[in-house]
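Take a look at the letters that make up each chain.
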Amino acid sequence: MDRMALGKNYEGQRCALASALEVIGERWTLLIVRDAMYGVRRFGDFQAHLDIPKAVLSQRLAALVEAGVLERRRYQETPPRDEYVLTPVGHELWLPVLALAQWGERNLATRGPSACSTT
């Protein structure tokens with residue numbers, strides 16, 4: 001299958017799907033959202049569950065906070081530590097995440113059901 005090279009962003013496209021992809025279309029982003037839905041909140045836990053580079057995780061979490069998908073909350077003052085909690089906007093992603101997981105199970109799984117949970 002020939003693949004078209006995509007630009008770095010969807011600026012100039014007046015399309016709700018393109019706008020959504022600007023927020024959640026990057027490879028790691030939906031996995032972070034999925035983990036947040038399963039109750040992961042702390043940076044180190046996201047990093048451990050996903051085996052994601054720290055710099056990439058920092059960028060993705062910041063982008064999700066900026067987009068209003070996650071909220072950064074302080075849970076410890078000394079030393080300062082924050083956690084990341086889904087906002088109502090983030091919770092709205094449950095159905096798309098579930099639909100993608102189910103689609104993957106039906107169409108891409110080659111060795112039976114996959115383990116998408118973080119438990």
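Overview of the structure. Just so you know, these numbers come straight off a predicted model, no measurement behind them.

Rules of the game
- Residues numbered from 1 in each chain as written.
- Predicted model: local features only at pLDDT ≥ 70, side-chain atom pairs only at ≥ 80, totals over all residues.
- Heavy atoms only, no water.
- Helix = DSSP H or I, 4+ residues; strand = E, 2+ residues; numbered from the N terminus.
- Buried < 20%, exposed > 50% of the residue type's maximum accessible area, 1.4 Å probe, protein only.
- Polar contact = N/O pair within 3.5 Å; in protein donor to acceptor, adjacent residues only side chain to side chain.
- Salt bridge = Lys/Arg side-chain N within 4 Å of Asp/Glu carboxyl O.
- Pairing = 2+ DSSP bridges.
- Contact = heavy atoms within 4.5 Å.
- Core = buried A, V, L, I, M, F, W, Y, C linked by side-chain atoms within 4.5 Å.
- Patch = residues over 30% accessible without salt bridge, like charges linked within 9 Å, V, L, I, M, F, W, Y side chains within 5 Å.
- Areas by Shrake-Rupley, 256 points an atom, 1.4 Å probe, with all protein chains shown as cover.
- Axes fitted to C-alpha atoms, helices over the stretch in contact; angles between N-to-C directions.
- Parallel < 35°, antiparallel > 145°, perpendicular 65-115°, else oblique.
- Left-handed = near helix turned anticlockwise from the far one by under 90°.
- Nonpolar A, V, L, I, M, F, W, Y, C, P; charged D, E, K, R; others polar.

Right, let's get into the overall build of the chain. What the chain contains, in helices and strands, is six helices and two strands. Counted from the first residue to the last, the chain has its helices and strands arranged as α-α-α-α-β-β-α-α.

Its location among the elements puts D82 in strand β2 (residues 81-86). Given a relative accessible area of 15%, D82 falls into the buried group. In this structure the side chain of D82 is engaged in a polar contact, spanning 2.7 Å, whose partner is the side chain of R72. One polar contact links D82 to R74, side chain to side chain, over a distance of 2.6 Å.

Pairs may arise between side chains of opposite charge once their charged atoms sit close together. Taken as a whole and judged by the stated rule, the model has six salt bridges. Across the salt bridge formed by E26 and R60, the nearest N and O atoms sit 2.6 Å from each other. Residue E26 is located in the loop between α1 (16-24) and α2 (29-37), and its partner R60 is located in helix α4 (residues 54-66); the two are separated by 34 residues in the primary sequence. The partner of D35 in a salt bridge is R34, and the shortest N-O contact between them spans 2.9 Å. Residue D35 shares its accessibility class with R34, and that shared class is buried. Here the salt bridges do not stand alone but share partners, grouping R72, R74 and D82 into one network.

Looking at chain direction, strand β1 (residues 70-76) and β2 are connected through six bridges and run antiparallel. Across the sheet, R74 pairs through a bridge with D82, a residue of β2. The hairpin formed by β1 and β2 contains four residues between the paired strands.

What follows covers α2. Among the residues of α2, T29, I32, V33, R34, D35 and A36 are the ones counted as buried. Here the buried face of α2 lies against α1, α3 (43-50), α4, β1, β2 and α6 (94-107). Backbone geometry just downstream of α2 places G39 in the positive-phi region, at approximately 105°.

This part takes up the nonpolar core. Within the largest apolar cluster, 18 residues are counted, with the highest numbers of intra-cluster contacts made by I32, V33, F46, L61 and L70. Those elements that place two or more of their residues in this core are α2, α3, α4 and β2. If near-sequence neighbours (up to four positions away) are discounted, I32 is found in contact with F46, L50, I52, L57, R60, L61, L64 and L70.

Next up on the list: a nonpolar patch on the surface. Taken together, the side chains of Y38, W94 and L95 make up a nonpolar region of the molecular surface, amounting to roughly 330 Å² of accessible area. Take W94: it is sitting in helix α6. Judged by its relative accessible area of 37%, W94 falls in the partly exposed class.

Here the focus is the packing of α3 against α4. If you want to describe how two helices pack, look at the angle between their axes and the distance between the axes. The geometry of α3 relative to α4 is characterised by a closest axis approach of 10 Å and an angle of 120° between their N-to-C directions. One finds that α3 runs oblique with respect to α4. Read as a crossing pair, α3 and α4 show a hand that is right-handed. Taking contact as the criterion, the partners of F43, F46 and Q47 in α3 are, on α4, K54, L57, S58 and L61. Along the lines of polarity and charge, the residues of the contact of α3 with α4 split into four nonpolar, two polar and one charged.

In short, the description is geometric, and any link to function would need to be established separately.
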